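Residue strings, one per chain:
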Amino acid sequence: MTADVAPAQTPEQLRTAMVSTLLEQGWITSDAVRAAFAAVPRERFAPEASAQAAYAADDVVITKRNAAGRATSSISAPWLQAAMLESAALRPGAQVLEVGSGGYNAALLAEIVGPSGRVVTVDIDPFVTERAARFLAETGYGHVQVVLGDAEHAAHAHAPEGGFDAIVVTVGVWDVPWGDLLAPGGRMIVPLRFATVTRALTLVPEGDHFAAVEATVCGFVPVQGAGSFQDQEAELAKGAVRLTRETGPSLDVDALERALTGERTELWTGVTVGRGEPFDSMHLFLASTDDRFGMIWADHERGGADLVDLALRWSCPVLITPDSFAYLTLRDADSGSGERRLELGTHGHGPAGPALAEDLRQHVLGWDAGWRARTDPHFLLYPADAAVSPPRQGKIYVKRHTQLIMSWDEDQRKSTR
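Residues numbered from 1 in each chain as written. Predicted model: local features only at pLDDT ≥ 70, side-chain atom pairs only at ≥ 80, totals over all residues. Heavy atoms only, no water.

## With respect to the overall build of the protein
The secondary structure content of the protein amounts to eleven helices and 19 strands. In terms of C-alpha radius of gyration, the protein reaches 22 Å, essentially the compact-globule figure of 22 Å for 417 residues. Each of the three principal axes of the protein carries a C-alpha extent, and together these read 75 × 60 × 45 Å. Split into buried and exposed, the 417 residues of the protein put 53% on the buried side. Taken as a whole, the protein presents about 18300 Å² of accessible surface, with 50% of it coming from carbon and sulfur. Of the charged side chains in the protein, 36 are positive and 54 negative; the average position of the first set lies 0 Å away from that of the second. (Helix = DSSP H or I, 4+ residues; strand = E, 2+ residues; numbered from the N terminus. Rg over C-alpha atoms; globule rule 2.2 N^0.38 Å. Buried < 20%, exposed > 50% of the residue type's maximum accessible area, 1.4 Å probe, protein only. Areas by Shrake-Rupley, 256 points an atom, 1.4 Å probe, with all protein chains shown as cover. Lys, Arg positive; Asp, Glu negative; His and termini not counted. Charge placed at Lys NZ, Arg CZ, Asp CG, Glu CD.)

The following block contains the structure:
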């Protein structure tokens, strides 16, 4: 007797299931976004993936990698695309700029704004724009305007009089040069990187600056071209582990390589989190508190998980000096109530590893005591040459075109005018 085998689901069935999942999880909240996800055939924009992989609600589809094996183009996870589209608050007839092409997200935008609307999508890579234009034409969205060029400048030539009603950026950027292209009352959704952390900020005009009305934890492939920014990076164990930091003294890769494989300091905090409980506000607290803050990344395919035991699967906060580092880790904790809890700890490597581990431990304790229960910080984006007052609690990140204020101050909006 042979075991029963479940029949393979069709793309249409998988699409319906994906939409149901996004609705149940709260990522889709409007009829317009629901209808767009139900209409656009995602699998047609991801021929390198199986239909099952294409319609996984929480996973990306990598469409291009560079010589080092890192993704340079992808189709974002459906949950994140839905969140960004909902944040854009699009309406029929809207004019939209998309920075970073792939085709699928542009088709969703076109479906929402309808035949009276306009979608312009810009990408620097001809491989990406050729695919996007071809797939859009094949699926009935050939009216989307696909532009090959560096979005740092190319987008300006295609802006309508009065500006775009929405700007949706689908690559990770370090700066925002498109503020002057947004119409009054419009919205920009921008995955903005600062101190190696990325948040998808929904930015709305507010006088002489932009205010973020939403901030979503996310990750995107980095922008290429004039808008790119290279963090300091130490690639260790042939890429199995990476350390990144935006500023500070140059990293000694050889010394950090020795630190990785040397003796490790292990400290524990007594601070616990529930299974699946987010603690990303700690990342922002650390970024604004300690100039040694960065991120540590583990490549599981290259054995990174055997070398570091990160609190989060792929990456987590780290304190870095030229020859040492300390990162967050987790272990099971007895809650006494039957609920599974995890205790936060720190692992230190290198000559300064013990001191860094202790410093990071103290930061965790400080976050737990004074910051954990707070609402998330708010973000304001000003022109680079604007005179702004530093927040009492937070930090200013100065960039080429703009300066980002991350603040926990209740009156920060007034004090920075």
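Picking up after the structure, the text goes on.
## Things to note about helix H2 (residues 31-39)
Within H2 the residues assigned to the buried category are Val-33, Ala-36 and Phe-37. The arc that holds every buried residue of H2, seen down its axis, measures 95°, which confines them to one face. Along its buried surface, H2 packs onto helix H1 (11-24), helix H4 (78-88) and helix H5 (104-113). (Arc of directions from axis to C-beta. Contact = heavy atoms within 4.5 Å.)

## So, the sheet that holds strand S5 (residues 145-148)
In spatial order, the strands read S5-S4-S3-S6-S7-S8-S9-S17-S19-S18; together these ten strands make up an open sheet with mixed pairing. This sheet does not close on itself; its edge strands, each paired only once, are S5 and strand S18 (394-398). The average angle at which neighbouring strand axes cross in this sheet is 20°, direction not considered. Alignment of strand S3 (residues 95-99) against strand S6 (residues 164-169), held across four bridges, turns out to be parallel. (Pairing = 2+ DSSP bridges. Axes fitted to C-alpha atoms, helices over the stretch in contact; angles between N-to-C directions.)

## Brief notes about the nonpolar core
In this structure, Leu-97, Ile-167, Trp-178, Leu-243, Ile-296, Phe-325 and Leu-344 are the most contacted members of the largest nonpolar core, which totals 75 residues. Leave out the neighbours within four places in its chain, and Ile-296 touches Val-241, Arg-242, Leu-243, Val-308, Leu-310, Trp-314, Ser-315, Cys-316, Pro-317, Val-318, Phe-325 and Tyr-327. (Core = buried A, V, L, I, M, F, W, Y, C linked by side-chain atoms within 4.5 Å.)

## A closer look at the packing of H1 against H2
Between H1 and H2, the least distance of the axes is 9 Å, while the angle of their chain directions is 155°. As far as their axial angle goes, H2 and H1 are roughly antiparallel. As H1 packs across H2, the resulting crossing turns out to be right-handed. Between H1, through Arg-15, Met-18, Val-19, Leu-22 and Leu-23, and H2, the contact on the second element is made entirely by Arg-34, Phe-37, Ala-38 and Ala-39. By residue class, the composition of the contact of H1 with H2 is seven nonpolar, no polar and two charged. (Parallel < 35°, antiparallel > 145°, perpendicular 65-115°, else oblique. Left-handed = near helix turned anticlockwise from the far one by under 90°. Nonpolar A, V, L, I, M, F, W, Y, C, P; charged D, E, K, R; others polar.)

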